[in-house]
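Read off the chains here:
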Amino acid sequence: MPYDSTSPLPPGETEPLVRIDHVTKEYLRGNEKVIALRDVSFSISYGTVAVVLGPSGGGKSTLLHILGGMDRPTTGSIYVLGQDISGWTSDQLAKYRRETVGFIFQSFHLITNMTALENVELPLMLAGVPKETRRLRAMELLDRVGLADRQNHKPGELSGGQAQRVAIARALAADPPLILADEPTGNLDSQSGQEIMSLLTALAHEDGHCVVIVTHNEDFVPYADHVLRIKDGNVQEQVQNRPSATAEIQRGNLGHARWLTLYALAWHSLVKRLARGLLTGLGIAIGVAAMVLLIGLGSGLKSNVVQGVLSLGPLNAINVAPEAAKSQSGGFLGPSVVSGPSHPITQKTLVRFAHLPDARGAYLNVTFVAGATYRGRSTTAALNPLPPVKFWSVPGVLPTTLKGRVSSKPLHVLLPESVAEALVGGTHPQVGRLLGKTIVLHIETVSGGLFSGQGLTGPAHPIRNQSVIVMGIINSGLGFVPYSTAETWFKDFSSNARHLHYPGATVLARSLSQVAPLSHQIGAMGYSTTTLQQALHSIDKSFSLIETGLGAVGGIALVVAGLMIGVVMSMAVLERRREIGILRAIGARRRDISRLFLLEALSIGLIGGIVGIAIGAGVGSGINVLVQHSSQVAHGIFTLPLWLVGIGLLFGGGISIIAGAVPASHASSLNPVDALRQE
Ligand code: ADP
Ligand code: MG
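What you see is a predicted model, and the numbers here were worked out from it, not measured in a lab. (Residues numbered from 1 in each chain as written. Chains lettered and ligands numbered in written order. Predicted model: local features only at pLDDT ≥ 70, side-chain atom pairs only at ≥ 80, totals over all residues. Heavy atoms only, no water.)

Draft legend 1. Structural view of the overall build of the protein. Assigned secondary structure in the protein consists of 17 helices and 21 strands. Scored against the burial criterion, the 679 residues of the protein give a buried share of 53%. Across the protein, the fraction of contacts at a sequence separation of at least 24, relative to all contacts at a separation of at least 6, is 78%. For the protein, the exposed area adds up to about 29,600 Å²; of that, 58% sits on carbon and sulfur atoms. (Helix = DSSP H or I, 4+ residues; strand = E, 2+ residues; numbered from the N terminus. Buried < 20%, exposed > 50% of the residue type's maximum accessible area, 1.4 Å probe, protein only. Contact = heavy atoms within 4.5 Å. Areas by Shrake-Rupley, 256 points an atom, 1.4 Å probe, with all protein chains shown as cover.)

Spelled out as structure tokens, the structure:
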């Protein structure tokens with residue numbers, strides 16, 4: 001029958017609280033069958049004290065465990081409030097223990113690292129009672145057992161009698177109708193024993209609980225309303241006095257533990273074993289740090305290279321050269337060069353390119369290499385034409401200016417930052433001094449665009465020194481001059497100014513998706529083409545490999561850390577068998593126990609993850625500082641994108657959950673009676 005605590009209670013007069021009906025319990029010890037209970041039947045009502053007497057090994061504890069839903073009978077039934085609990089599921093029995101049963105043990109079984117108050121609160125935590133309510137209730141109960149002034153003491157700071165009274169308060173926390181005490185005075189001196197017996201008897205006779213006390217002390221027989229003598233599994237019932245009906249205790253309708261409460265418990269036990277938790281977390285931290293650092297370096301390197309490539313022009317650009325590339329093999333750009341037979345590029349060719357359906361336009365692409373001089377300092381600069389003004393709105397066509405601005409005025413120049421630095425003999429802030437100043441260029445060679453593979457050629461005519469005005473400083477390796485200036489210079493270079501053969505051209509596709517077909521079409525016309533898209537694609541491929549490799553190294557570190565968590569949690573389960581048993585006895589479900597261990601593992605993993613990300617970011621920033629000091633990389637090579645933080649946390653948490661899963665499931669499958677048995 002399903003457990004339904006909202007169903008109306010049977011009339012208290014006729015139905016006893018508990019009725020044991022022909023219960024037998026057999027154990028297997030090796031091959032030998034042990035009969036702990038033989039065909040036991042009796043019943044007990046509200047407001048009565050039943051004392052169970054008998055020699056050791058007689059079956060007393062077995063009887064109590066079956067009454068309390070900690071164990072199931074081999075045959076027979078146990079009716080509680082008219083419902084047979086003998087076939088109930090583990091979860092139903094846990095609910096039964098939370099709402100209907102309060103256990104008291106010979107060795108108190110308090111949780112040693114919790115205060116008296118926290119111990120009393122524990123069953124209410126497992127029943128999902130809000131914090132304020134359960135705190136008030138626990139204080140009220142400690143007051144009831146005479147320990148109001150001991151609420152913040154740990155069990156180790158209490159006498160045996162006091163500890164047992166805390167345990168009684170805990171058993172009463174959910175106000176269960178049935179109180180089961182297994183030799184509650186066994187570890188106490190006779191004075192404390194008498195006090196505990198009086199307290200338990202009062203619970204029945206004053207408050208209306210049904211109290212079952214196991215003992216082997218004949219002196220306690222006078223306390224009893226029922227005496228159950230049990231020997232070799234046989235029970236003889238002896239009724240002394242049946243008190244007149246007292247107030248019935250209604251079984252409460254409680255919930256189960258909330259995630260937040262379980263998290264608080266997990267955190268509590270983590271903090272109590274801080275050193276070990278930190279050590280385990282450190283393992284995760286190192287793993288996550290390695291992963292974050294390596295992947296961060298990989299992706300930082302990649303974005304540096306990609307930035308470099310992107311600064312070379314817009315993504316929809318196709319670089320066209322008149323003939324096949326000669327010496328482009330080897331580099332990662334190599335495979336992207338398409339070869340074809342040689343055709344010259346003339347002004348007419350540019351018009352033809354511009355009229356291709358997928359093309360937005362075409363213009364001369366040429367690189368001048370020039371000596372640059374300013375106030376006695378000299379350096380070398382590579383200069384390209386700025387695209388014609390009508391293409392300036394195309395994203396990526398214009399270089400990024402750090403200082404000054406882009407203009408189409410003839411004989412103005414945009415200088416790369418490194419060239420400007422060499423000319424002023426200083427670093428970043430000082431390069432601004434060059435703006436508007438005249439520098440002298442001496443053009444030495446000319447070649448096709450960056451990817452054209454055209455050999456360098458000297459000028460056909462000796463070229464005068466060119467005075468140009470610095471209009472801006474840019475974040476690029478190449479400098480730029482206005483298109484008209486580049487055209488004029490190129491004419492000056494050529495032997496035949498009437499029939500100009502351009503070393504290279506740039507064709508802009510209308511959209512990114514048209515880059516590949518357009519490039520193919522131009523290739524078919526007999527030109528060699530290169531695109532930034534192809535270059536980026538091969539960069540992407542190479543770096544995916546690098547990142548996967550680096551990530552795998554970090555991953556291995558994490559797996560090792562995960563194993564560590566697994567081992568530590570398994571040890572914790574062994575060590576905390578008793579605690580697990582206590583939690584189950586006071587009503588924790590199996591899944592509560594496994595959640596408790598998983599949450600603890602998860603906390604370790606997440607904290608390790610956070611620390612690991614911090615370590616990784618710290619080391620990465622250090623590397624950036626070093627790199628920036630020793631080379632020209634402006635932004636350093638380590639980056640920590642948000643997705644990497646996410647991955648760090650995901651791995652830290654994920655690995656710990658995976659590692660904690662086996663120990664957690666082991667913990668939750670422990671039989672509560674076995675877990676509590678004294679070894
Ligand atoms: P008592 O509490 O009266 O000392 P128990 O109920 O603990 O007795 O045990 C009754 C009998 O059942 C004993 O012979 C004991 O050895 C046996 N027994 C109890 N639990 C188990 C078990 N889990 N496996 C095998 N035998 C058990
Ligand atoms: Mg026993």
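Draft legend 2. A look at the pattern of salt bridges. With the rule as written, the count across this model stands at 16 salt bridges. Asp71 serves as the salt-bridge partner of Lys25, at 3.4 Å between the closest nitrogen and oxygen. Pair noted here: Lys25 is in strand 1 (residues 18-29) and Asp71 is in the loop between helix 1 (60-67) and strand 4 (75-80), with a separation of 46 residues, a long-range link. Accessibility expressed as a relative area gives 15% for Asp71, which makes it buried. The partner of Asp592 in a salt bridge is Arg589, and the shortest N-O contact between them spans 2.9 Å. Here the two residues Asp592 and Arg589 agree in accessibility, since each one is buried. Each of Arg273, Arg576, Glu579 and Glu600 takes part in a single network of salt bridges with overlapping partners. (Salt bridge = Lys/Arg side-chain N within 4 Å of Asp/Glu carboxyl O.)

Draft legend 3. Inspection of the site of ligand 1 at higher detail. Around ligand 1, the surrounding shell holds 13 residues, and the nearest of these are Arg29, Gly57, Lys60, Ser61 and Thr62. In the model, an oxygen atom of ligand 1 is placed 2.7 Å from a nitrogen or oxygen of the Gly57 main chain. Contact distances for ligand 1 include 3.2 Å between an oxygen atom and a backbone N or O atom of Gly58. Protein contact buries 75% of the 550 Å² of open area that ligand 1 shows by itself. Contributing elements (two or more residues each) for the shell around ligand 1: strand 1, strand 2 (32-44) and helix 1. Top contributing element to the shell around ligand 1 by residue count: helix 1, with three residues. Each residue belonging to the shell around ligand 1 can be placed in one class, and the counts come to four nonpolar, six polar and three charged. (Near = heavy atom within 4 Å. Polar contact = N/O pair within 3.5 Å; in protein donor to acceptor, adjacent residues only side chain to side chain. Nonpolar A, V, L, I, M, F, W, Y, C, P; charged D, E, K, R; others polar.)

Draft legend 4. Structural view of the sheet that holds strand 5 (residues 83-84). Across the sheet, which stays open at both edges, the four strands sit in the order 2-1-4-5 with antiparallel pairing between neighbours. Across the chains shown, the open sheet's two edge strands, defined by having one partner strand only, are strand 2 and strand 5. Here five bridges tie strand 1 to strand 4, and the two strands are oriented antiparallel to one another. Residue pairing in the sheet places Val18 in a bridge with Val80 of strand 4. Here helix 1 sits on the sheet and contacts strand 1, strand 2 and strand 4; the angle it forms with strand 1, its principal contact strand, is near 120°. (Pairing = 2+ DSSP bridges. Axes fitted to C-alpha atoms, helices over the stretch in contact; angles between N-to-C directions.)

Draft legend 5. Summary view of the pairing of strand 10 (residues 234-239). Judged from the six bridges that link them, strand 9 (residues 226-231) and strand 10 form a sheet pairing that is antiparallel. Looking at the pairing, Arg229 lines up with Gln236 of strand 10.

Draft legend 6. Spotlight on the UniProt feature "transmembrane region" (unreviewed entry) in the protein. Per the UniProt annotation, the sites labelled "transmembrane region" (unreviewed entry) are residues 278-301, 550-574, 595-620 and 640-662. Counted over residues 550-574, helix gives 100% and strand 0%. Its end C-alpha atoms are 37 Å apart. Across residues 595-620, the secondary structure splits into 100% helix and 0% strand, with the terminal C-alpha atoms separated by 36 Å. (UniProt positions renumbered as here; feature names shortened; annotations may be inferred.)

Draft legend 7. Examining the environment of Pro123 more closely. Within the secondary structure, Pro123 sits in helix 3 (residues 116-126). Once residues lying within four places of it in the same chain are set aside, the contact partners of Pro123 are Arg170, Ala173 and Ile586.

Draft legend 8. Representation of helix 5 (residues 160-172). With 13 residues, helix 5 extends 18 Å between its outermost C-alpha atoms, agreeing within 8% with the 18 Å of an ideal straight helix rising 1.5 Å per residue. The buried fraction of helix 5 is high, at eleven of 13 residues. Of all the residues in helix 5, the buried ones are Gly161, Gln162, Ala163, Gln164, Val166, Ala167, Ile168, Ala169, Arg170, Ala171 and Leu172. (Expected span 1.5 Å × (residues − 1).)

Draft legend 9. Molecular detail of the nonpolar core. Ile20, Leu67, Ile78, Leu178, Val212 and Phe597 are the most contacted members of the largest nonpolar core, which has 81 residues in total. If one sorts the elements of this core by residue count, helix 15 (residues 590-630) sits on top with eight residues. Summarising the domain contributions, this core has at least three residues from each of domain 1 (18-100 + 176-256) and domain 2 (269-307 + 539-676). By size, the runner-up hydrophobic cluster in this structure holds 53 residues, among which are Leu364, Val397, Val431 and Ile473. (Core = buried A, V, L, I, M, F, W, Y, C linked by side-chain atoms within 4.5 Å. Domains from an automatic or database assignment.)

Draft legend 10. Local environment of a positive patch on the surface. On the surface, Arg375, Arg377, Arg433 and Lys437 cluster together into a positively charged patch. Judged by relative accessible area, which is 48%, Arg433 ranks as partly exposed. (Patch = residues over 30% accessible without salt bridge, like charges linked within 9 Å, V, L, I, M, F, W, Y side chains within 5 Å. Lys, Arg positive; Asp, Glu negative; His and termini not counted. Charge placed at Lys NZ, Arg CZ, Asp CG, Glu CD.)

Draft legend 11. Region of interest: the sheet that holds strand 11 (residues 317-321). Overall, antiparallel pairing links the four strands, which are arranged 12-20-11-21 in an open sheet. With partners counted over all chains shown, the strands left at the sheet margins are strand 12 (359-364) and strand 21 (528-531), one partner each. For this sheet, the mean angle separating the axes of adjacent strands, direction not counted, is 25°. Note that strand 11 and strand 21 share four bridges and pair antiparallel. The residue bridging Ala321 from the neighbouring strand is Ser528, located in strand 21.

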